[in-house]
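Examining the three-dimensional arrangement
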Amino acid sequence: MSIAFSAETSSFTLRVRSSVYVIEARADGRLVHVGSAPASGGWTPTSLSQYPDADYIWEPGGPRYELPTFGDVAHSDVALKASFPGATGDLAPGEANHVPVRDLRLRYVSHEIRTDAAPALSAKHQQLPRESSTQRQTLVIHLRDIGYDFHVRLFYRVTPEYDVIERWTEIENRTNGEVKIESLAFGAVHFPIGDYDLTHAAGSWAREFIPTTRPIAQGVTMLAQQGLNTGHSVNPFYLVHERGQATEHAGNVYFGALAYSGNWSLRFEQLPTRATHVIGGYEQTDFELILAPGATHTTPAFVHGVADDGLGGASRRLHAFARDYILPGFTDDQLRPVLYNSWEATYFDVSADGQIKLARAAAEIGVELFCMDDGWFGARRNDRAGLGDWVVSPDQFPQGLKPLIDEVLRLGMRFGLWVEPEMVNPDSDLYRAHPDWILHFPGRPRTERRNQMILDFGRADVVDFIYRALDTLVRENDITFFKWDMNRYSTEPGSSAGVGIWRKHVEGVYDIMDRLRTAHPRLDIQSCSGGGGRIDLGILQRCDQAWTSDNTDAIDRVWIEDGYSLAYPLRAMECWVTHEHNHQTNRRLSLDLRFDVAMRGTLGIGTNIDRLTDDEKASYSRKISFYKRIRSVVQNGDLHRLANVRDGNVSVWQVVSADRRQCVYSAVVVDQRQGQHTPMYRLRSLLPDTVYRVTDEHNKELLRVPGGQLMSLGVPGDARSAGLGRSMRSRTLWIEAV
Ligand code: GLA
């Protein structure tokens, strides 16, 4: 059993494949963390009973609460702060009951261990994970305040084979008065005593997901986003490792991620004793939740675990869990389709004829899903008008979308549309009809970004209006894909929902997506937010793939891909091959390099394909067929980062199938100086005695050797030249057991 309770020590032991996590209810009812350890260490934390200071709350070395609350701790960060309108306890003589009580002390009441009746895998998954025998259990620990009838339930859902524990918190007000919640996390995770480094992603628009490592110094180190999307500058996941003790392939790595898409924080704190923890949940600035009598609030989840095989091991665990438990599953077949997107080909200049031309060219080269980007609706001829009016523009499409969609379907592709449902241009029918539907503070300046304002999802009628608009589009047209965009920073968050807007907005987005997917089971959604501004485990529960960045320059993308891959699965990483002369960076890059980098995730094409020469078309077709040959491994296999671009300007990925008989090798040499040798990398995780055949996109055999040989020598390092000297070269190889 993955969850065990010992009545003797009043402790809970949560076991997953490679680690153990122990919690104890102390004699006075405090629920504290005993320890977590990689199973490979051979030791298991058991009890705190021998530690003299374990209950001494004023020492930083004192209790490490599973959910530290304001009231029970005074010297460190807290996960929950509540304010009660008046006292319940006995008042001292002459003491007036005039101040709200901001003191919450939770004590253990009871617990239960639930076993999931059916595996929670999406019914749409045909290709089940490696071992589908996983038995998931959930521990629910019930806590109550020492005086107030205020209850907290901590959930721990354990998926042993995936090494993952999902945590969330439920708070319930059974008092007669309103309780004001001023801070609320989804959970807190304590690391073994030590000094740690934090690896995470940092960046900005067009430069998302840059891998970064920094120390968790004494005090608080915070990653946070104040906004209505997940954010471009930091992303809600972490890989934490003891200083100097972990590499890409070895060492213990404590990983975690929040399943939430806006206004989040991960606060890491190291105390003077070297006790270190992270508290993850709603960002505290501008946070408040009023819990009415009888009301309950359930937080989103905080996913965490421990890898004993380095940063790569942590990434592989997060990927596998997201692939098999988080992502919605497949609609049509087992693989993500090759997509065409018209944005960089036409920008706003869309028309039925033009799109049909592109669709024909797309079908010819092997595209399976055709998505028309911005510009098809209302008065949207540029980014200054029309946003919010989700009706097909009669000027561009006098006969509606039908002729285009019919042609796309006839060509054997699926059809998709770009939408940006949370926004309006002031120059739109929607804004003219409902100027009061946008976020703003009355009488104060309203700023626009890309000429747009944000709809007030604090209003149920606005959320419902947008749902109905999108639902109508899908009902009236054969649309099976939305690219759902969100293109601005969040300012002036004035809403009818008050400070609750931060949560209401995210809940509104989730609600519309969930309802659409339920009403239209064949609909897939791509998450986009000015590129990679909305990628997290919460949105990936509802979106099949995500647009990682507006920057499609293959060299810049290598950095973005390395950082993205720290946490998120390749199947969800949408990558386009765009023009030779890149529109964002002005750099010229070869077709080989552009394809090699885009084939690392779900392949898309974004060039003006109706203008390709016959030779170019043939190259596109050949490369797309090659991708189709390797994509089941790219999209469902296990990633090994053999070289990280940040360590030496070379990025080498190897993705291996579950049975280890097939693998994809993808190398990009970003920069190589005269006199520097082209490096070779040993492959990993192959069957040593099995003979493998190494081929390129022309199916030309380059090598035929046992796995052991590839794992000791690697493959020849002569990456193709892009005609740019020794730099910017790449190669993708298919390696299969014979
Ligand atoms: C955002 C997206 C782009 C494109 C444009 C359309 O910038 O990230 O891919 O869809 O919007 O306006």
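Since this is a predicted model, take the numbers as computed values, not measurements. (Residues numbered from 1 in each chain as written. Predicted model: local features only at pLDDT ≥ 70, side-chain atom pairs only at ≥ 80, totals over all residues. Heavy atoms only, no water.)

**What about the site of the ligand?**
Our working rule: A cutoff of 4 Å decides nearness: a residue is near a molecule or strand if any of its heavy atoms lies inside that distance of it. Polar contact is defined as a pair of N or O atoms within 3.5 Å, subject to the rule that within protein one atom must be able to donate a hydrogen and the other to accept it, and that residues adjacent in sequence are counted only when both atoms are side-chain atoms. Using a 1.4 Å probe, the Shrake-Rupley method yields the accessible areas, and only the shown protein chains count as cover for residues.
Looking at the ligand, there are 13 residues lining it, with Asp373, Asp374, Arg450, Lys483 and Asp550 nearest. The contact in question runs from an oxygen atom of the ligand to an N or O atom on the side chain of Asn487, over 3.2 Å. A distance of 3.2 Å is found between an oxygen atom of the ligand and a backbone nitrogen or oxygen belonging to Gly531. Protein contacts shield 96% of the accessible area of the ligand, which totals 310 Å² for the unbound molecule.

**Remarks on the sheet that holds strand S1 (residues 3–6)**
Convention followed: Should DSSP find at least two bridges between two strands, the strands are regarded as paired. Only DSSP runs of H or I with at least four residues qualify as helices, and only runs of E with at least two residues qualify as strands; both kinds are numbered from the N terminus onward. In this analysis, axes come from line fits to C-alpha atoms, helices being fitted only over the stretch in contact, and the angle between any two N-to-C directions falls in the range 0 to 180 degrees.
Pairing within the open sheet is antiparallel, and its 4 strands lie in the order S1-S2-S3-S4. Of all the strands in the sheet, the pair left with one neighbour each is S1 and strand S4 (31–38). This sheet shows a mean twist of 15 degrees between the axes of neighbouring strands, independent of strand direction. Relative to S4, strand S3 (residues 19–25) is paired through 7 bridges, and the arrangement is antiparallel. Considered in S4, the bridge of Ser19 is made with Pro38.

**Quick look at the pairing of strand S22 (residues 369–372)**
Just so we agree on the cut-off: Only protein chains enter the accessibility calculation, which uses a 1.4 Å probe; a residue whose area is less than 20% of its type maximum is buried, one above 50% is exposed, and one in between is partly exposed. For crossovers, right-handed means that the path from the first strand over the helix to the second runs clockwise, given strands pointing away from the viewer.
Burial of S22 is two-sided: the residues Leu369 and Cys371 facing one way and the residues Phe370 and Met372 facing the other way are all buried. Of the strand pairs in this sheet, S22 and strand S23 (residues 414–419) are connected by 4 bridges, and their pairing is parallel. Within S23, the residue paired with Met372 across the bridge is Leu417. A crossover links S22 with its parallel partner S23, the connecting element being helix H4 (residues 402–410), and its sense is right-handed.

**Here we look at the domain arrangement of the chain**
Filter applied, for reference: Delimitation of the domains relies on an automatic or database domain assignment.
The domain boundaries assigned to the chain delineate domain 1 (3–325) and domain 2 (645–737). On a C-alpha basis, the centres of domain 1 and domain 2 stand 40 Å from each other.

**Some points on the pattern of salt bridges**
What counts here: What counts as a salt bridge is simple: a side-chain nitrogen of Lys or Arg found within 4 Å of a carboxyl oxygen of Asp or Glu.
Tallied over the entire structure, the rule returns 57 salt bridges. The shortest N-O distance in the salt bridge between Arg587 and Asp556 comes to 3.0 Å. A residue pair is termed long-range when its members are at least 10 positions apart, and Arg587 in the loop between strand S29 (573–577) and helix H9 (591–598) and Asp556 in helix H8 (residues 554–564) qualify at 31 residues. Using a relative accessible area of 25% as the deciding quantity, one classes Arg587 as partly exposed. Residue Asp556 is classed as partly exposed on the basis of its relative accessible area, which comes to 25%. Between Arg704 and Glu701 there is a salt bridge, and its shortest N-O distance comes to 3.0 Å. You can call Arg704 partly exposed: its relative accessible area is 47%. On the basis of relative accessibility, which here comes to 33%, the residue Glu701 falls in the partly exposed class. Look at the salt bridges and you will find they share partners, linking Arg17, Asp163, Asp308, Asp309, Arg316 and Arg317 into a network.

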